[in-house]
Structures are given as C-alpha cells and as structure tokens.
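# Coordinates in review
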Amino acid sequence: MHRFSRLTAVLAAVGALALTAPTTAHATAIGSAPVRTFEYSVGGMTMKVPTGCMFTHVIRGSGKKITYQNAGVDCGFVAALSSGFCNWRIDFTYADTNNRTYRTSRGKTHSECKIDPMRNNSPQRLPRYGKACAHLHVNGVRRVSQCHHITK
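Read on for a plain summary of the structure. Given the structure is predicted, the values throughout are model-derived calculations rather than measurements.

## Quick look at the nonpolar core
In terms of nonpolar packing, the biggest core is built from 27 residues, with V35, F55, F85 and L136 touching the most fellow members. Of all elements in the fold, only β1 (28–35), β2 (38–42), β3 (45–49), β4 (53–62), β5 (65–75), β6 (88–96), β10 (130–138) and β11 (141–150) reach the threshold of two or more residues within this core. Setting aside residues no more than four positions away along its own chain, V35 makes contact with V49, C53, M54, F55, F85 and V144.

## Focus on the environment of V138
Assignment of secondary structure puts V138 in strand β10. Sequence spacing of V138 and I90 is 48 residues, and the spatial spacing of their C-alpha atoms is 8.9 Å.

## Notes on the state of the cysteines
Applying the stated criterion to the full structure yields three disulfides. The disulfide bridge from C86 ends at C113, spanning 1.8 Å between sulfur atoms. For the disulfide bridge between C86 and C113, the dihedral angle about the S-S bond is near 105°, and by the sign convention the bridge is right-handed. Residue C86 is located in the loop between β5 and β6, and its partner C113 is located in the loop between β7 (101–105) and β8 (118–121); the two are separated by 27 residues in the primary sequence. A residue is classified by how much of its surface remains accessible, and C86, at 0% relative accessible area, is buried. Numbered by order of appearance in the sequence, the disulfide-linked cysteines of the chain pair as 1-2, 3-4, 5-6.

## A closer look at the sheet that holds β6
Sheet strands pair via backbone hydrogen bonds, and the direction of the pair is either parallel or antiparallel. Spatially, the four strands line up as an open sheet ordered β7-β6-β10-β11, and their pairing is antiparallel. In this open sheet, the two edge strands, each paired with only one partner strand, are β7 and β11. Recorded for the sheet is a direction-independent mean angle of 20° between the axes of neighbouring strands. For β6 and β10, the ladder comprises nine bridges, and the chain directions are antiparallel. Across the sheet, residue T93 finds its bridge partner in β10, namely C133.

Conventions adopted
Residues numbered from 1 in each chain as written. Predicted model: local features only at pLDDT ≥ 70, side-chain atom pairs only at ≥ 80, totals over all residues. Heavy atoms only, no water. Core = buried A, V, L, I, M, F, W, Y, C linked by side-chain atoms within 4.5 Å. Buried < 20%, exposed > 50% of the residue type's maximum accessible area, 1.4 Å probe, protein only. Helix = DSSP H or I, 4+ residues; strand = E, 2+ residues; numbered from the N terminus. Contact = heavy atoms within 4.5 Å. Disulfide = S-S within 2.5 Å. Pairing = 2+ DSSP bridges. Axes fitted to C-alpha atoms, helices over the stretch in contact; angles between N-to-C directions.

Quick look at the structure:
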C-alpha cells in the first residue's frame, strides 16, 4: 500500500509538471523522468528493469542556495515486482549557464539490489546560476537524469 501511495503521488506530480517548462528552483522544484527499460548483467545473471519506474529529483532553496536535495526511483505495477537496481549510485551535478559542469557530488555505489534507490545531498551554495541535475547510474552506466534550472 505504501508503494502505491508513493507511486500515486509521483504520477500526480509528473502530470502537473508535464504542463510546465523546465522548473526553476526559487523555492521548490520537483521533476520526474521515466526510467527506460534496460537489461544488464550482474554475476552472470541478466537483470531486466521493465517499464513503470520514474526517477524524481526534488530541490528546495532560493537563488543559488540549495537547502534540500533528494533523488530517487519509484516503481509501480509490474516494475515494482522486479529485482530492482543492482550496483547503483546517484550523482548530483551542477553546471553553469553555458552547460559546463563545475561540481559533482558522486554518490556511493551500492552493491545490493534495491527497487527504490534514493539519495539525499547536503545543502549547497552555488557560485553561479545554471542547473542542478541528478543522475542514476546502474552497474556503471548512466540510465536516467533529471535537471532543474537555477535562475534569478
């Protein structure tokens, strides 16, 4: 039931965001991106991530000050029954208005398989405007990203 309510909340947020342009982090920004179906190998076994997962990235703050940042995956329907994501990590990157990445907060690689990987990041004071992104890596390969524009 908990997973269903989380999925419902994520789908509602995605529906609302589908009607808007890229979000701006003046106070709160929430965005989701679908995790495309993919296969990968772990210990000689083929793992498959089916359709039905969303990668959500949340930022709170004002201007160049980020007070809270979180990213994670929620899966529903058949995807919620899969083995999940093995050897995963979530990175946060920050780029300037010319799209040059100037800071990366690399997450720890988790060897366990998890259906709902999630990571919080520490507060940040950015030196310039641009964008903040979250990236999900599975088995060493970037699988999905979600970004927010940080503007005046």
